Amino acid sequence: MKQTFKKSLALILALALLLALPMQALGAEPIRETDYFPEKTHTDRPYSDLVFTQPDLEGAETIIAAIEPLLEDPANMGHVGRLFEELDGVVRHGMTMNTLSILNMRKSPTDQEVMEQYLTASERVSQMLLEVNQLIVKMDSSPCREVLLDFMTEESVKRTVEEAVAADPKEQELQQKITQLKSEYMSLMAQEPSEGQRQAIGELYLDMVNTNNQLARLKGYDNYQDYAYYLYARDYTPEDVARLRQDIKLYLAPYCAAYSILNAVAVSQESGISGIDAVSPQVQEKIEAFLGSLSSELLESYHFMWDKGFCDFEEVGPGDQSAFVQYLYELDVPFMRINHAGFESANENALWKLRNFIHEFGHYNANYALPQNFWDGSGMALDVQETHSTGLEALFATRAEEIVGEENADIVLEEYLFNKIIALFLNQVPMDELEEYAYTTPNITVDDLSHKWIQIMNEYGFPEGAYQGTEWMRISQLFNSPFYVIAYTTSGLATLGLWLDSLEDYEGAVDQYLTFVSQGMDTSLRTALQEAGMTDPFQEGAVKAIMDSVNEEFGLEKHLTETLGHPFMDVHMAQDAWYEDAVKYVYQQGVMVGTGEMTFSPNDTFNCGMLVTTLWRGAGAPSLEDEILGYPYADVNMGAYYGTAVYWARLEGIASGVGGNRFAPSAPVTRQDFVTMLWRQAGKPSADMSVLKRFRDQEQISGYAREAMAWAVENHIVSGKGNGTLAPKSSTTRAEAAQIFMNAGAAAIDDAA
């Protein structure tokens, strides 16, 4: 409610108005009045008014039977209209009862009576819609056709008629089988499945794939993937998604392991805020103020949900992994269901509960605010709907301190970014790739699926042995909504862009979000993003730009260094990384840097340019501005990273090049040249030459390097290759170079002591 105070009012009137304000407005940000959403009438009935009964199939059939004889006489138009309006009410009631049966089933998946109610309701409402569609076909070619246009658009009439005419009698049989398979999956997942049950779940999934593909072929599609893209009103193709997956492998996958490591640290830090209860009055009061500061329309939706009871947060155990919004067509309002007890992560992570509430409320608000007409098939654009929820999450992440306190705001932001990036990569994109394999590859087995899952995860950079091959079975969308999961990726990338925008102009980002939501439930994703001025993840370069900005804004390299001692994921994630302490040492000493933001390339060859640069940095990176450099090297560019170091090394008598005015900075460094330069920088100390006798290849050491090699062995800077050899003329890897420098540093400390 917007309050205006005029300076001319008497003090007593101003005080009276102030006292009349709702408590949430006192001491809080004022409610931001917005007008983005269309007018929509909402029911006065509470959710408690709804009592489950089976859909009235017989009532619908009676009305249909009454309409059909009237269609050939245009004089019956008014009567047909009244009957169709009555039919509309019966269908809305039937669909709402079917939704109630789903809600009950999700809460009690092992209750046989509840499961039978769900299966019966689904069967009855499917039959009802089939007969209604057949009626629409007859009405479309009748003098009473105009009645349809009071309920449907021309486009939806055309689509309904085309689909009904093309419908195969087998379609209903397939739909019933799909419903049965879904219920069997819910029952199997009600408790932690055994090994035998996991095999049964895999076989059930393959049965689901085969049945869905049969249904798609009846609809004229090659497979269910193509049909799903039509159902979800997508304005991108599977080929577009394949390109997006490649971008994610290139530009997001390398960071996933890093964010996973940081996420584990963040979760361990959340004990101080573990008491946050997302649905407690104290937290909800803060969420209320937050939503009001974004939009009066969001606040209206929030108040309606609580005041009329269109939400359920009862925790009923691990069998019900529920966090979703369903639409109740009889009342023309949405209903939100969250059971945090069904999610392992919620039990460990209070912030996850809070963010999950914000996520689902994003769905709820859009369904509350926007008109929906099931006759038109509105609300199908699932990517758009997921952007409604992830967009609100992004806006919450920027302002989280208002709910959890300033001292916890960084943890909330970290949890948001870690979850969004890890989830984008770890689950959804590989899941989508697995689905595509399952639906487009004939005659596969459960073992094939498990092996493919492991292969896919390895391709995304996860090490061998990290996955058992059955993790995908826990993702209910694979069974209930095939090809849905990629919507989390498209929306997540778009709203990571929104989060970045919110850091620069928060109110502008809020307006972008509200503009996006106002586009409607059935506007295609890329169209809605363009209209709202938001990031389109399918645009060339979008994924790289998003991740570069996120990493820079978050300070990924800094956070990794604080956690690991260095930022190099190819070192930390490598198996048997004997060199990690050495890499940490040279990085912290500032003598060696990475080959990329988070890569050290430990197995790459260490070259002459790298060596003299490392020695130069170890000497404090002295300037040569006032030095006479002497003759130039033809192959050394002073602008290169090693340019100054090369000439410094010559002036210090450490290295002079390979002759012919060449230094060969890219040439591999042999082990004997490496220790010779170290020895020269150390002042050419004397050494016990006898230490070389124990190496059977010591005769291969060049004359100029023998004392240096003896010094290096004597001071434990090098110790041989483990087979009685020094391999003086073999090259050196970057990992070996780091180890040699750390050993040299330890030797110098010993000498000083």
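Residues numbered from 1 in each chain as written. Predicted model: local features only at pLDDT ≥ 70, side-chain atom pairs only at ≥ 80, totals over all residues. Heavy atoms only, no water.

## Observations concerning the overall build of the protein chain
Moving on, step 1. In terms of regular secondary structure, the protein chain is built from 31 helices and three strands.
Moving on, step 2. Across its three principal axes, the protein chain shows a C-alpha extent of roughly 115 × 80 × 45 Å.
Moving on, step 3. By the burial criterion, 54% of the 753 residues in the protein chain qualify as buried.
Moving on, step 4. Restricting to contacts in the protein chain with at least 6 residues of sequence separation, those with at least 24 account for 74%.
Moving on, step 5. With the model as given, the accessible surface of the protein chain reaches about 33200 Å², and the carbon-plus-sulfur share is 48%.
Moving on, step 6. The average position of the 51 basic charges and that of the 111 acidic charges among the side chains of the protein chain differ by 6 Å. (Helix = DSSP H or I, 4+ residues; strand = E, 2+ residues; numbered from the N terminus. Buried < 20%, exposed > 50% of the residue type's maximum accessible area, 1.4 Å probe, protein only. Contact = heavy atoms within 4.5 Å. Areas by Shrake-Rupley, 256 points an atom, 1.4 Å probe, with all protein chains shown as cover. Lys, Arg positive; Asp, Glu negative; His and termini not counted. Charge placed at Lys NZ, Arg CZ, Asp CG, Glu CD.)

## Comments concerning the pairing of strand 3 (residues 333-338)
Moving on, step 1. Across the six residues of strand 3, six count as buried, placing the element largely inside the fold.
Moving on, step 2. Every second residue of strand 3 is oriented toward a common face, with Val 333, Phe 335 and Arg 337 on one face and Pro 334, Met 336 and Ile 338 on the other, all of them buried.
Moving on, step 3. Pairing between strand 1 (residues 311-312) and strand 3: two bridges, direction parallel. From the neighbouring strand, Asp 312 faces strand 3, where its bridge partner is Arg 337.
Moving on, step 4. When strand 2 (residues 323-328) meets strand 3, the two strands line up antiparallel, connected through six bridges. (Pairing = 2+ DSSP bridges.)

## Concerning the sheet that holds strand 2
Moving on, step 1. One open sheet holds the three strands; their spatial order is 1-3-2, and the pairing between them is mixed. Among the strands making up the open sheet, the edge pair consists of strand 1 and strand 2.
Moving on, step 2. Across the sheet, helix 3 (residues 77-107) lies against strand 1, strand 2 and strand 3, angled at about 160 degrees from strand 2, the strand it touches most.
Moving on, step 3. Its contacts with the sheet put helix 14 (residues 350-369) on strand 2 and strand 3, and the angle it makes with strand 3 is roughly 165 degrees. (Axes fitted to C-alpha atoms, helices over the stretch in contact; angles between N-to-C directions.)

## Brief notes about unusual backbone geometry
Moving on, step 1. For Ala 233, which is not a glycine, the phi torsion comes out positive at approximately 55 degrees.
Moving on, step 2. Take Ala 233: it is sitting in the loop between helix 8 (224-231) and helix 9 (238-251).
Moving on, step 3. The backbone of Asn 443 sits at a positive phi, close to 60 degrees, despite the residue not being glycine.
Moving on, step 4. For Asn 443, the location among the structural elements is in the loop between helix 17 (409-440) and helix 18 (446-459).

## Focus: the packing of helix 12 (residues 296-307) against helix 14
What describes two packed helices is the angle between their axes and the distance between those same axes.
Moving on, step 1. At a minimum axis distance of 10 Å, the contact between helix 12 and helix 14 shows a crossing angle of 100 degrees. One element, helix 12, and the other, helix 14, form an angle in the roughly perpendicular class. On helix 14, the residues touching Glu 297, Leu 298, Glu 300, Ser 301, Tyr 302, Phe 304, Met 305 and Trp 306 of helix 12 are Phe 357, Phe 361, Tyr 364, Asn 365 and Tyr 368.
Moving on, step 2. Looking at side-chain class alone, the contact of helix 12 with helix 14 contains nine nonpolar, two polar and two charged residues. (Parallel < 35°, antiparallel > 145°, perpendicular 65-115°, else oblique. Nonpolar A, V, L, I, M, F, W, Y, C, P; charged D, E, K, R; others polar.)

## Some points on the nonpolar core
Moving on, step 1. The biggest cluster of nonpolar side chains holds 149 residues, and the ones touching the most others in it are Tyr 259, Phe 357 and Trp 472.
Moving on, step 2. The element contributing the most residues to this core is helix 17, with 13 residues.
Moving on, step 3. Sequence-distant contacts of Trp 472, that is, excluding residues within four places in its chain, are made with Gly 202, Tyr 205, Met 431, Leu 434, Leu 449, Ser 450, Trp 453, Leu 478 and Phe 479. (Core = buried A, V, L, I, M, F, W, Y, C linked by side-chain atoms within 4.5 Å.)

## So, helix 9
Three- or four-residue spacings in an α-helix give side chains the same orientation, since the helix completes a turn every 3.6 residues.
Moving on, step 1. An ideal rise of 1.5 Å per residue puts 20 Å on 14 residues; helix 9 measures up with 20 Å between its terminal C-alpha atoms.
Moving on, step 2. Buried within helix 9 we find Pro 238, Asp 240, Val 241, Leu 244, Arg 245 and Ile 248. End-on view of helix 9: buried residues confined to an arc of 145 degrees, all on one side of the axis. (Expected span 1.5 Å × (residues − 1). Arc of directions from axis to C-beta.)

## Some details on a negative patch on the surface
Moving on, step 1. Together, Asp 501, Glu 504, Asp 505, Glu 552, Glu 553, Glu 557 and Glu 597 line one region of the surface with negative charge.
Moving on, step 2. At the level of secondary structure, the elements contributing two or more residues to the negative patch comprise helix 20 (486-504) and helix 23 (542-554).
Moving on, step 3. Assignment of secondary structure puts Glu 553 in helix 23.
Moving on, step 4. What makes Glu 553 partly exposed here is its relative accessible area of 45%. (Patch = residues over 30% accessible without salt bridge, like charges linked within 9 Å, V, L, I, M, F, W, Y side chains within 5 Å. Salt bridge = Lys/Arg side-chain N within 4 Å of Asp/Glu carboxyl O.)

## Description of the packing of aromatic side chains
Moving on, step 1. Taken as a whole, this structure holds 39 aromatic pairs when the rule is applied.
Moving on, step 2. Ring centres of Phe 290 and Phe 396 lie 6.2 Å apart, and the angle between their planes is 75 degrees; this geometry places the pair in the edge-to-face category. Taken as a pair, Phe 290 in helix 11 (residues 281-294) and Phe 396 in helix 15 (residues 382-398) lie far apart in primary sequence, 106 residues in all. Both residues of the pair, Phe 290 and Phe 396, count as buried.
Moving on, step 3. Summarising the aromatic geometry, the rings of Phe 606 and Phe 741 are spaced 6.4 Å apart at their centres and angled 75 degrees between planes, so their arrangement reads as edge-to-face. Residue Phe 606 is found in the loop between helix 26 (580-589) and helix 27 (608-618), and its partner Phe 741 is found in helix 31 (residues 734-752); the two are separated by 135 residues along the sequence. (Phe/Tyr/Trp six-rings, centres within 6.5 Å; stacked < 30°, edge-to-face > 60°.)

## Quick look at the side chain of Glu 131
Moving on, step 1. The residue Glu 131 is located in helix 4 (residues 112-140) in this model.
Moving on, step 2. Salt bridges are absent for the buried Glu 131, whose nearest opposite-charge side chain, Lys 138, sits at 9.4 Å.
Moving on, step 3. The residues contacting Glu 131, other than those within four sequence positions of it, are Leu 57, Glu 61 and Ile 64.

## Observations concerning the confidence of the model for the protein chain
Caution applies to low-pLDDT regions: their predicted coordinates should not be interpreted in detail.
Moving on, step 1. In this model, the protein chain carries a mean pLDDT of 87, and residues with pLDDT of at least 70 account for 91%.
Moving on, step 2. Least confident of the elements in the protein chain is helix 1 (residues 11-20), whose mean pLDDT is 35; most confident is helix 21 (residues 506-518), at 98.
Moving on, step 3. Between residues 1-27, whose pLDDT stays under 50, and residues either more than four places distant or in other chains, the model counts 14 contacts. (pLDDT = per-residue confidence, 0-100.)

## Considerations on the pattern of salt bridges
Moving on, step 1. Per the stated rule, a full pass over the model turns up 28 salt bridges.
Moving on, step 2. Residue Lys 107 is joined to Asp 312 by a salt bridge in which the shortest nitrogen-to-oxygen separation is 3.0 Å. Taken together, the positions of Lys 107 in helix 3 and Asp 312 in strand 1 put the pair 205 residues apart, joining distant regions of the chain.
Moving on, step 3. Its relative accessible area of 16% is what places Asp 312 among the buried residues.
Moving on, step 4. A salt bridge links Glu 459 to Lys 249; the nearest nitrogen and oxygen atoms lie 3.6 Å apart. Here the residue Glu 459 occupies a position in helix 18, and Lys 249 occupies one in helix 9, the gap between them amounting to 210 residues.
Moving on, step 5. Taking relative accessible area as the criterion, Glu 459 reaches 40% and is therefore assigned partly exposed.

## Let's talk about the environment of Ala 216
Moving on, step 1. With respect to the helices, strands and loops of the structure, Ala 216 is situated in helix 7 (residues 195-218).
Moving on, step 2. Sequence separation between Ala 216 and Phe 606 is 390 residues; the distance between their C-alpha atoms is 57 Å.
Moving on, step 3. Beyond its immediate sequence surroundings of up to four residues, Ala 216 is in contact with Tyr 221, Asn 223, Tyr 224 and Tyr 227.

## Digging into helix 5 (residues 154-166)
Moving on, step 1. Here helix 5 spans 18 Å end to end across 13 residues, near enough to the 18 Å set by a 1.5 Å rise per residue.
Moving on, step 2. Within the sequence span of helix 5, burial applies to Ser 156, Val 157, Thr 160 and Val 161. The buried residues of helix 5 occupy an angular sector of 130 degrees when projected down its axis, which confines them to one face. Turned more than 90 degrees away from the buried face of helix 5, the exposed residues are Glu 155, Lys 158 and Ala 166.
Moving on, step 3. Along its buried surface, helix 5 packs onto helix 4.

## Considerations on the environment of Ile 444
Moving on, step 1. With respect to the helices, strands and loops of the structure, Ile 444 is situated in the loop between helix 17 and helix 18.
Moving on, step 2. You can call Ile 444 buried: its relative accessible area is 14%.
Moving on, step 3. Residues Ile 444 and Gly 492, spaced 48 residues apart in sequence, show a C-alpha to C-alpha distance of 31 Å.
Moving on, step 4. When neighbours within four sequence positions are excluded, Ile 444 is seen to be in contact with Leu 206, Tyr 437, Ala 438 and Leu 449.

## Section: the environment of Thr 96
Moving on, step 1. If you trace the backbone, Thr 96 turns up in helix 3.
Moving on, step 2. Note: C-alpha distance between Thr 96 and Gly 362 (266 residues apart in sequence) is 21 Å.

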